[in-house]
Amino acid sequence: MIVILMASLISVVCAFSSSNHYVKGRAHPFKQSHVGTPPIVGALGMVDHANTSNDDGFDSGTNYIMPTNIESRRKFIASITSIGLASVSLMPCQVAAEETTLPPPALPPVEAAVIGDAKKLFNEGRALEGQGNILAAQRLYTKVTKIAPRFIYGWSNLGNTLVAQGQLGQADVSYSKAVSLCEENLKETEGSFGVKRCDDLYLILLNRGSVRLNNGMPREALLDLQKANTIRARPDAVILQNLARAQELNSRFTQSDTSYNTAISMTANEVNPFWLRSSLVKYQLGDAKGAMDLLKRVENRFPEAPEVRAAYAVLLWGKGDEDAARKKFLEIPDRARAQYVKGDYLEKVVSWPAKAKDTIGEVAKAVGDTAETPAAATE
């Protein structure tokens, strides 16, 4: 009886140890489809690269901006309590197969296009974004990333709406997801025909690089923008002006000057605020004449902009015309002029090159503006 009982016990133990244990998972709901690749480039304050427009405001520091861990633990512990019978021997059951850890299921392919609900929501989001309803567009793009988490452009367009609201840190996360998925897609589809590919990696890198440029990450921005420029493989004015700015902030002034020159040559018919930055890079390199020639055109377009007047005062002081420099600097309203004696403003807001910052400090001191006794806050 005891032997029969123990044999039955062994049978129960073996049967239990060989039972199946399931790990819950979720299959990706969509397959890859072929729909038009959406435009994904926006700007700080804008959302569509193809439809950007310039206003008459001046801001030389604004740069265009065109997340299943399955854990399977198959541990079975068989414990049999001794009943004090020396004549009974229990042989261990074979459970090796149960102790083998199965690999996690493969991720579904990256999607460069979607179908069904995800496609509908995505297109509605684009329409709302185009109408300027950024918050509504953001809500729809967020839904898209939940329904189709491996859809490249759900993440990149979500990034655009976050940029438009000034949420640069979150935008960086979204763009980084899009970059990673795009790169994965290019590897998956290499050598394939008739498969939708992510063919605008350079645009997503441009967006992320521009965000990082405006979010205190100049080194990371430079890497993104260099890569975007390489992938683009031909001159692009938007990439070049952002690349020049990144090179400038990383003290690569000669490279920056070259990039600015090329960008300006491609936009010579319309003066842009970034031309002021190019002028100050030339001043940093000792090209006083080139700096002044360029800044004169900027002043002609934006004559009352405080930063233009301050930069002009710098160049006048640099060539020895101190009286004219003081006069030009005093044309700036008191409250705006007081900013130029603040280290944080020069370092983090306008982020001028070192030589220009030193010079404007001398000009400010010459007119009696100092950090200890700033200009009166009146206009």
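See the structure shown above.
Procedures and definitions
- Throughout, a residue's number is its position along its own chain's written sequence, starting from 1.
- Local features in a predicted model are, by the rule used here, given only for residues with pLDDT of at least 70; side-chain atom pairs are given and counted only at 80 or more, and totals for whole chains, interfaces and linings are based on all residues.
- With hydrogens and water excluded, all non-hydrogen atoms of the structure serve as input to the side-chain values.
- Secondary structure is summarised from DSSP: a helix means a run of H or I of at least four residues, a strand means a run of E of at least two, and numbering begins at the N terminus for each.
- Residue exposure (1.4 Å probe, protein chains only): buried if accessible area is under 20% of the type maximum, exposed if over 50%, otherwise partly exposed.
- Here the open area of atoms and residues is found with the Shrake-Rupley method and a 1.4 Å probe, where only the protein chains shown may cover a residue.
- Simply put, an axis is a line fit to the C-alpha atoms, just over the touching stretch for a helix, and the angle between two N-to-C directions goes from 0 to 180 degrees.
- Between 65 and 115 degrees an angle is taken as roughly perpendicular, under 35 as roughly parallel, over 145 as roughly antiparallel, and anywhere else as oblique.
- Each crossing is labelled by how the near helix is turned from the far one, with a counterclockwise turn of less than a right angle marking it left-handed and a clockwise turn marking it right-handed.
- Any two residues having at least one pair of non-hydrogen atoms within 4.5 Å are treated as being in contact.
- Amino acids outside the nonpolar list (Ala, Val, Leu, Ile, Met, Phe, Trp, Tyr, Cys, Pro) and the charged list (Asp, Glu, Lys, Arg) are all regarded as polar, and Gly is one of them.
- Only one rule defines a salt bridge in this text: a Lys or Arg side-chain nitrogen within 4 Å of an Asp or Glu carboxyl oxygen.
- Residue types Ala, Val, Leu, Ile, Met, Phe, Trp, Tyr and Cys, when buried and joined through side-chain atoms within 4.5 Å, form a set referred to as a nonpolar core.
- Patches here: salt-bridge-free residues with over 30% relative accessible area, like charges joined within 9 Å, nonpolar side chains (Val, Leu, Ile, Met, Phe, Trp, Tyr) joined within 5 Å.
- When charges are counted, Lys and Arg contribute as positive and Asp and Glu as negative, whereas His and the chain ends are disregarded.
- In plain terms, the charge of a residue is placed at NZ if it is Lys, CZ if Arg, CG if Asp and CD if Glu.
- The definition of a polar contact used here is a pair of N or O atoms within 3.5 Å, where within protein one atom must be able to donate a hydrogen and the other to accept one, and adjacent residues in sequence count solely through side-chain atom pairs.
- Two aromatic rings, drawn from Phe, Tyr or Trp (for Trp, its six-membered ring), form a pair once their centres lie within 6.5 Å of each other, and the interplanar angle then sorts them: stacked below 30 degrees, edge-to-face above 60, tilted otherwise.
- Any Lys NZ or Arg CZ that is within 6 Å of a ring centre and within 35 degrees of that ring's normal is treated as a charge sitting over the ring.

Draft legend 1. Representation of the overall build of the chain within the structure. Across its full length, the chain holds 17 helices and zero strands. Expressed as a percentage of the 379 residues in the chain, the buried residues total 43%. Accessible surface, the chain: about 20300 Å² in total, of which carbon and sulfur atoms supply 53%.

Draft legend 2. The arrangement of the packing of helix α3 (residues 116-130) against helix α5 (residues 152-164) in detail. Close contact between α3 and α5 brings their axes to 11 Å; oriented N to C, the two are set at 25 degrees. It follows that α3 is roughly parallel to α5 by the angle criterion. Regarding α3 and α5, the two cross each other, and that crossing is left-handed. Mapping the contact onto sequence places F122, R126 and E129 in α3 and Y153, G154, N157, N160 and T161 in α5. Among the residues making up the contact of α3 with α5, the classes are represented as two nonpolar, four polar and two charged.

Draft legend 3. Region of the structure containing the pattern of salt bridges. Per the counting criterion, the structure on display carries 18 salt bridges. With its nearest N and O atoms 3.9 Å apart, the salt bridge here joins R150 to E188. Pair noted here: R150 is in the loop between α4 (134-147) and α5 and E188 is in helix α6 (residues 168-188), with a separation of 38 residues, a long-range link. Taking relative accessible area as the criterion, R150 reaches 10% and is therefore assigned buried. Taking the relative accessible area as the measure of exposure, E188 reaches 37% and is therefore partly exposed. What you see here is one network of salt bridges that share partners, running through D172, R208, R212 and D224.

Draft legend 4. Region of interest: the nonpolar core. Counting residues in each nonpolar core, the largest one holds 84 residues, and the members touching the most others are I152, W352 and I360. Among the elements that take part in this core, helix α13 (residues 306-318) stands out by supplying nine residues, more than any other. Setting aside residues no more than four positions away along its own chain, I360 makes contact with A310, V314, F329, Y340, L346 and W352.

Draft legend 5. Quick peek at a negative patch on the surface. A contiguous patch of negative charge, built from D321, E322, D358 and E362, is present on the exposed surface. You can call D321 partly exposed: its relative accessible area is 33%.

Draft legend 6. A look at the side chain of S256. Tracing the backbone shows S256 in helix α10 (residues 253-266). Judged by its relative accessible area of 0%, S256 falls in the buried class. Within polar-contact distance, the side chain of S256 engages the backbone oxygen of A244 at 2.8 Å. Residues within four places of S256 in sequence aside, it is in contact with A244, Q247, E248 and V281.

Draft legend 7. Up close: the environment of A118. For A118, the location among the structural elements is in helix α3. Residue A118 is classed as buried on the basis of its relative accessible area of 0%. With 28 residues separating them along the chain, A118 and K146 place their C-alpha atoms 9.2 Å apart.

Draft legend 8. The environment of E331, seen in detail. Position of E331 among the secondary structure elements: in the loop between α14 (322-330) and α15 (334-337). When the C-alpha positions of E331 and E304 are compared, they lie 8.6 Å apart, and in sequence the two are 27 residues distant.

Draft legend 9. Spatial organisation of the packing of aromatic side chains. Inspection of every chain in the model, using the stated rule, returns seven aromatic pairs. Ring plane angle 80 degrees and centroid distance 5.1 Å describe the contact between F122 and F151, whose orientation is recorded as edge-to-face. Highlighted residues: F122 in helix α3 and F151 in the loop between α4 and α5, separated in sequence by 29 residues. Like F122, the residue F151 is buried in the burial classification. The interplanar angle of 20 degrees and the centroid separation of 6.2 Å between the aromatic rings of Y260 and F274 together place this pair among those described as stacked. With Y260 in helix α10 and F274 in helix α11 (residues 274-284), this pair connects stretches of sequence that are 14 residues apart. We classify F274 as buried; its relative accessible area is 8%. Of the aromatic side chains, those joined through ring pairs into one cluster are F122, Y141, F151 and Y153. K328 extends its terminal NZ or CZ atom over the ring of Y312, reaching a point 5.3 Å from the ring centre. Taking the ring centre of Y283 as reference, the NZ or CZ of K355 above it sits at 4.6 Å.

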